[in-house]
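Here is what each chain is made of, one letter per residue.
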Amino acid sequence: MREWVDHVIWWHVYPLGFGGGFRRLSGWLDYAVELGANGLQLGPVFASESHGYDTTDHFRLDPRLGDDADFDALIAGCRERGLQVMLDGVFNHVGRSFQAPEHWFKHTTAGERAVFEGHGALVELNHDEPEVLDHVVRVMEHWLDRGATAWRLDVAYGVPPAFWKAAVGRVRQNRPEAWFTGEIIQGDYVTFLRDSGLDSITQYELWKATWSSLNDGNFYELAWALKRNNEVLEAGQPLTFVGNHDVTRIASKLADERHLGHALAVLFTVGGVPSVYYGDEQGFRGVKEDREGGDDAVRPAFPESRDGLAPYGWPVFDLHKRLIGLRRRHAWLVRARTTAEHLTNTAAALVSTDGADRLITLLNVGDEPYDFPIDTAGLRVVESHDDNRSPTTVPPHGWSILAG
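### A short note on the sheet that holds strand 16 (residues 357-364)
Pairing between the strands of a sheet comes from backbone hydrogen bonds, and it takes one of two forms, parallel or antiparallel.
Phase 1: In spatial order, the strands read 14-15-16-20-18; together these five strands make up an open sheet with antiparallel pairing. Every other strand in the sheet has two partners, leaving strand 14 (337-343) and strand 18 (380-384) as the edge strands with one partner each. For this sheet, the mean inter-axis angle between neighbouring strands, taken without regard to orientation, is 25 degrees.
Phase 2: One ladder, built from eight bridges, connects strand 15 (residues 347-354) with strand 16; its direction is antiparallel. Residue Ala347 lies in a different strand from strand 16, and its bridge partner there is Asn364.
Phase 3: Each of strand 14, strand 15, strand 16 and strand 20 (399-403) is contacted by helix 11 (residues 260-269), which is oriented at about 165 degrees to strand 16, the strand it contacts most.

In structure tokens:
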């Protein structure tokens, strides 16, 4: 019932930072379609005290974003353009002004409300309480009825897997098309997927290995993460990304800006469900800092229209568009297993397969051309960083993708 997931590519927006609310965002839907996205992944949209993750009412929209009519118009605009919609479900914790009976909250041994990871403004819900489970199910069903088709479950790692299994199991009874991805930063992804019943987890391990291997000239790290990703694919569909609302922008994370194409080539040629964080497709920069307000740099406002975007960003947009187009022409990649057929510190030949389908991504971050000793019979270069057409030789700091 969820065949659409095999084809979806998300454009991830943090609405409270984007600016202009639902109305401005509605004006950018054609831009998302031009990029090649067919899914709109939204950060928190519900009433909250500040940044959206301190929810005060899961059934009420944040007035800073607009009203019900504005939300409905956004949903209608997405439907007209074939865009799926993912909402951010913050169900591990809520804001201090969230109204609920006291037994809905976790408490410390001293009898005080427990807080999330030391953040005093975020109080944790008691997931052993059946009324909390009922509440989460009602919230999910309500917004699926309003037009959403997927949920990102914030801090999924902080909630017992059995809670998620019970919640999504109940929701799926009447809404089998819904898709659920959980925020998991580290740990045993496979076991969590199987125990929670979720469809997906956020693939932070692959995110880290992508930029780290490029920065360090250590493709062995990337090969190991891809082996782990293959195991995750046996249990679900990882949500893959090179940027999101919680991390430093990929353009700022990379030590060498020439390697942006390498990171994107990995993102769009390995198994999983890709997500592009708004602004990354324009080469936005921003460094996340561990302080109050430290997320602001990676959650900036977008201009009112595309005319307000800087000229330097459009080549990055075109690169995203080309690679997303390649991904669409090879939709089987959502299930692909990827292995390193040839590997050195600074060169990698990554082979993605699904049955008879095969695609090879060649990466070179060395200072000299690299000739890959691999069999490329029946394959041709379909994308590269500089129109390189050699199926085996990649220029310095270059990349190419081969397909049949």
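### Overview of the packing of aromatic side chains
Phase 1: Counted under the stated rule, the structure contains 29 aromatic pairs.
Phase 2: With a centroid separation of 6.3 Å and an interplanar angle of 40 degrees, the aromatic rings of Phe46 and Trp151 are classed as tilted. Placement of the pair is Phe46 in strand 3 (residues 46-48) and Trp151 in strand 9 (residues 150-153), with a sequence separation of 105 residues.
Phase 3: Judged by its relative accessible area of 3%, Phe46 falls in the buried class.
Phase 4: Between Arg113 and the ring centre of Phe105, over which it is positioned, the NZ or CZ distance is 3.8 Å.
Phase 5: In this structure, Arg299 packs its charged tip against the face of Tyr14, placed 4.6 Å from the ring centre.

### Let's talk about the nonpolar core
Phase 1: In this structure, Trp11, Leu87, Trp151 and Trp164 are the most contacted members of the largest nonpolar core, which totals 111 residues.
Phase 2: It is helix 5 (residues 130-145) that provides the largest number of residues to this core, a total of eight residues.
Phase 3: With sequence-adjacent residues up to four places away left out, Leu87 is seen in contact with Leu42, Val45, Phe46, Phe71, Trp143, Ala148, Ala150, Trp151 and Arg152.
Phase 4: One finds Ala349, Ile360, Leu379 and Leu402 within the second-largest nonpolar core, a separate group that totals eleven residues.

### Description of the pattern of salt bridges
Phase 1: Scanning the model with the defined rule gives 31 salt bridges in all.
Phase 2: Between Arg60 and Asp57 there is a salt bridge, with its nearest N and O atoms 4.0 Å apart.
Phase 3: Residue Arg60 is classed as partly exposed on the basis of its relative accessible area, which comes to 42%.
Phase 4: Of the charged contacts in the structure, one is a salt bridge between Arg170 and Asp134, with a shortest N-O distance of 3.0 Å. Taken as a pair, Arg170 in helix 6 (residues 161-174) and Asp134 in helix 5 lie far apart in primary sequence, 36 residues in all.
Phase 5: For Asp134, a relative accessible area of 28% puts it in the partly exposed group.

What counts and how
- Per chain, the residues get numbers from 1 upward, laid out in the order the sequence is written.
- Thresholds applied to this predicted model are a pLDDT of at least 70 for local features of residues and 80 or more for the giving and counting of side-chain atom pairs; totals over whole chains, interfaces and linings are not thresholded and use all residues.
- Each side-chain value is derived from all of the structure's non-hydrogen atoms; neither hydrogens nor water enter the calculation.
- Note on pairing: two strands pair once DSSP finds at least 2 bridges between them.
- Strands here mean DSSP runs of E at least two residues long; helices mean DSSP runs of H or I at least four residues long; both are numbered from the N terminus.
- Axis definition: a line fit to C-alpha positions, over the contact stretch in the case of helices; interaxial angles, taken between N-to-C directions, run 0 to 180 degrees.
- When checking whether two residues touch, look at their non-hydrogen atoms; a contact exists if any pair is within 4.5 Å.
- Only Phe, Tyr and Trp rings take part, Trp by its six-membered ring, and two of them pair if their centres are within 6.5 Å. Stacked means planes under 30 degrees apart, edge-to-face means over 60, and tilted covers everything else.
- The rule is simple: take the accessible area with a 1.4 Å probe, protein chains only, and divide by the maximum for that residue type; under 20% is buried, over 50% is exposed, in between is partly exposed.
- Here, over-ring charges are defined by two tests on the NZ atom of lysine or the CZ atom of arginine: distance to the ring centre within 6 Å, and angle to the ring normal within 35 degrees.
- Buried Ala, Val, Leu, Ile, Met, Phe, Trp, Tyr and Cys residues form a nonpolar core when they are joined through side-chain atoms within 4.5 Å.
- For this analysis, a salt bridge means a side-chain nitrogen from Lys or Arg found within 4 Å of a carboxyl oxygen belonging to Asp or Glu.

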